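# Topology and contacts: notes
Here is what each chain is made of, one letter per residue.
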Amino acid sequence: MLIAAAVLFLLLRLLPGDPANALVSVGADPEQIEAARRQVGSDLPIFAQFVRYLGQLASFDLGASFVSGVPVLEEIGRRLTLTLPLTALAFTGAILIALPLGILAAVKRDRWYGSLISVISQLGVAIPVFWIGILLVTAFAVKLRLFPSSGFPTSGWWRDPLAALHQLALPILTIALVMSASLIRYVRSATLDVIGSDYLRTARALGAGYGEALVRHGIRNGAVPVISILGIELASTLLGAVVVERVFSLPGLGSMLLSGIEQRDYPSVQGVLFISTLLVLLVGFAADLVQRLVDPRLRGPSGARP
Amino acid sequence: MSDATPAFAPLPRLRLTPAFLIGATLVGLHVVVGLLTLIWTPYDPTAMTGGRLAPPSLAHWAGTDRLGRDLFTEIMIGARIALSVGIGAVAIAAAIGVTVGLLAAFASRAVDDVLAATLDILIAFPTLLLAMLIVAASDGASLGTAILAIGIAASSIVARLTRILARRVLAMDYITAARVSGTGWLGIVRIHVLPNIWPTLIVNFALQFGLAVIAEASLSYLGLGAPPPNASWGRLLQEAQATVYTAPFGAIAPGIALVSLVIGLNLFADGLRDVADPTRRRR
């Protein structure tokens, strides 16, 4: 975590241009610039800036935006109410699509639809997120006029949750489709491993039907590698929301990061990246816990894989 | 890794699987088109050659954009830009990644640990995010910064792969033999390590190429890539989205071009992998 904080800090300080420039108007005299530099702390030596930054992190004070003056943590909290549900819903959608299709593609790999699923997921991995977003907008917003193409109610979720959900339908679908494309491949290969395993053959020999053997013995075994992939996918979706939020002009964490970069608003960029890193670590930790829950063999003192 | 024996062997004869052929054809097509734009395009890419936002027709295969420029011409030039970004980014990623990876593999335990941990952190950052930060750090977006940013972002992945592959080779008995007989570390790299790891690396480069093409399109889409008049596919798509209600066709053709190149590269990499690693049969 400390290393991550240091890397972030250094990367951001490499940005040319003094952040104080965001505070003063064009043509300000040197005195005003000096005052602004003192205010944002960019007149201190870089090491002093870093120590101050670490101290603030420790007390969860992420500073205030150079541009708007709003505390960064508050702004992040507000935007997370959009990004977190968006990611969670899309994630659920992706699992609902990928699990049945992935298993089907493995079990029926000799049938035409088994290979069709594989081919489509291969296609899906090659398609950039934003193009899927644009295509969905073309189909559902322009042609069919079923869903709005962009935006989010300013009142947030609670005024009218259904309207909010309606607004988010296309972004959710976009992320879910992209995620499920790569997920299907992992589910398929995990299922193939299970199908080829000795224990499944034993179960079949002991009289279990194909489906029963797969459900009773396959799911637990196949789930372990898939869960760790899920953790990685969830983390990258959280960070990858940047592009999707731009496609649908949603006021989420990603657009905060983008505008922060454009305006050299260090506290905002640092804050967003710090919180995202924290979330990513939490997701990884959670994935680890779930794995142990599913597979008792991972619970040993060493936690070593079988 | 279940296969204990490393599958490093000299390249066998190229087996031409259908996937490999399709991939090579798609990539080849893009290369030909990209090279062609250096000497000839159907229309002047900056000239207004037809009505604004005209739908596809015989004269304009992909229609025209909001300034009346021929979209097909712009897409052809986009192939050249995508390929040059891919080549540049992969070359940078290969140069940095292979060097760092080899250094880590040869370094003392402590240095290797630090390098490995740093690489893991960098890899945890999505390529695109890292590239965005680098583009923002350089003054103004240009084709060069996009190439540099994507190349640097991808180099951590190449470095990690190189380190793992090189360490596996270094654990072999014949390396001990080479050391005992007095071969220096540079000699070991040249004679033993590189010839053994390059087939796997090449496959990875092909995959990275595809990822670089997507990353460049995404950067351009976000307005952080090559500025106009560079007709990057990402920028074409971004412009098409702005006029999606009046001219929805504009979003189709650049996307198809982009996806066909990436799929071609992925299939090409799959085909190479079958050749480079005979133990890994496709299922």
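Here the structure is a predicted model, which is why all the values come from computation and not from measurement.

### A word on the overall build of chain B
For chain B, the count of helices and strands is nine helices and zero strands. Listed N to C, the secondary structure of chain B is α-α-α-α-α-α-α-α-α in terms of helices and strands. Residues classed as buried in chain B amount to 47% of the 283 residues present. Partitioning the intrachain contacts of chain B with sequence separation of at least 6 by distance along the chain shows that 70% fall at a separation of at least 24.

### What to know about the packing of helix 5 (residues 143-170) of chain B against helix 7 (residues 185-221) of chain B
Residue and element names in this part refer to chain B. Between helix 5 and helix 7, whose axes approach to 9 Å, the crossing angle comes to 155°. As judged from the angle between their axes, helix 5 and helix 7 are roughly antiparallel. The element helix 5 and its partner helix 7 pack so that their crossing is right-handed. Tallied by class, residues from the contact of helix 5 with helix 7 come to 16 nonpolar, six polar and one charged.

### Digging into the confidence of the model for chain B
Residue and element names in this part refer to chain B. Averaged over every residue, the pLDDT of chain B is 79; residues scoring 70 or more account for 83%. Summarising per-element confidence for chain B, the mean pLDDT is lowest in helix 4 (residues 127-137) (73) and highest in helix 2 (residues 71-106) (89). Note that residues 1-7 has pLDDT below 50 and, in this model, six contacts with residues that lie over four places away or in other chains. Scored as a complex, the prediction yields pTM 0.78 and ipTM 0.76.

### As for helix 8 (residues 233-242) of chain B
Burial of helix 8 of chain B is extensive: nine of the 10 residues sit out of reach of the surface. Those residues of helix 8 of chain B that sit buried are Trp-233, Gly-234, Arg-235, Leu-236, Leu-237, Gln-238, Glu-239, Ala-240 and Gln-241 of chain B.

### Digging into the UniProt feature "transmembrane region" (unreviewed entry) in chain B
Mapped onto this numbering, the UniProt entry annotates "transmembrane region" (unreviewed entry) at residues 20-43, 81-107, 114-137, 143-162 and 245-269 of chain B. Note that residues 20-43 of chain B is 83% helix and 0% strand, and that its end C-alpha atoms are spaced 33 Å apart.

### Details of unusual backbone geometry
Keep in mind that most residues, glycine aside, have a negative phi and that most peptide bonds are trans. Its identity is not glycine, yet Ser-249 of chain A carries a phi of approximately 35°, on the positive side. Position of Ser-249 of chain A among the secondary structure elements: in the loop between helix 9 (210-247) and helix 10 (253-262).

### Quick notes on the environment of Gly-218 of chain A
Residue and element names in this part refer to chain A. Mapped onto the fold, Gly-218 is located in helix 9. Overall, Gly-218 belongs to the buried group, with 24 C-beta atoms counted inside 10 Å. Considering only alpha carbons, one finds Gly-218 and Tyr-199, 19 residues apart in sequence, at a separation of 9.0 Å. When sequence neighbours within four positions are dropped, the list of residues in contact with Gly-218 reads Val-194, Leu-200 and Ala-213.

### Some words on the nonpolar core
Across soluble globular proteins, you tend to see nonpolar side chains buried next to one another. Residue and element names in this part refer to chain B. Counting 147 residues, the largest nonpolar core has Ala-131, Ile-150, Ala-212 and Val-213 as its most contacted members. The leading source of residues in this core is helix 2, at 19 residues. Setting aside anything within four residues of it in sequence, one finds Ala-212 in contact with Val-85, Gly-86, Ala-89, Val-90, Ile-150 and Ala-154.

### Some remarks on the environment of Phe-147 of chain A
All names here are of chain A. Topologically, Phe-147 is positioned in the loop between helix 6 (129-143) and helix 7 (161-195). In sequence terms Phe-147 and Ile-132 are 15 residues apart; their C-alpha atoms lie 15 Å from each other. The contact partners of Phe-147, leaving out residues within four places of it in the chain, are Phe-140, Ala-141, His-166, Ala-169 and Leu-170.

The rules behind the values
All residue numbers here refer to positions counted from 1 along the written sequence of the relevant chain. Throughout, the order in which chains and ligands are written sets their labels, letters from A for the former and numbers from 1 for the latter. Given that the model is predicted, a residue must reach a pLDDT of at least 70 before its local features are reported, and side-chain atom pairs must reach 80 or more before they are shown or counted; all residues, however, enter totals for whole chains, interfaces and linings. Runs of E in the DSSP output that reach at least two residues are strands. Runs of H or I that reach at least four are helices, and both are numbered from the N terminus. Think of it as a crowd count around each C-beta: if 20 or more other C-beta atoms lie within 10 Å the residue is buried, if 12 or fewer it is exposed, and in between it is partly exposed, with C-beta placed from the backbone throughout. By the criterion used throughout, residues are in contact when their C-beta atoms, derived from the backbone, lie within 7 Å. For every element, the axis is a line fit to its C-alpha atoms; helices are fit only across the contacting stretch, and the angle between N-to-C directions ranges from 0 to 180 degrees. Angle categories are assigned with fixed cut-offs, so that under 35 degrees is roughly parallel, over 145 is roughly antiparallel, 65 to 115 is roughly perpendicular, and the rest are oblique. Here is the rule for handedness: rotate from the far helix to the near one, and if that takes an anticlockwise turn smaller than a right angle the crossing is left-handed, while a clockwise turn gives right-handed. The nonpolar class holds Ala, Val, Leu, Ile, Met, Phe, Trp, Tyr, Cys and Pro. Asp, Glu, Lys and Arg form the charged class, and all remaining residues, Gly among them, are polar. pLDDT measures the predictor's confidence residue by residue and takes values from 0 up to 100. UniProt positions are given in the numbering used here, feature names are shortened, and annotations may be inferred rather than shown by experiment. To form a nonpolar core, buried Ala, Val, Leu, Ile, Met, Phe, Trp, Tyr and Cys residues must be joined through C-beta atoms within 7 Å.

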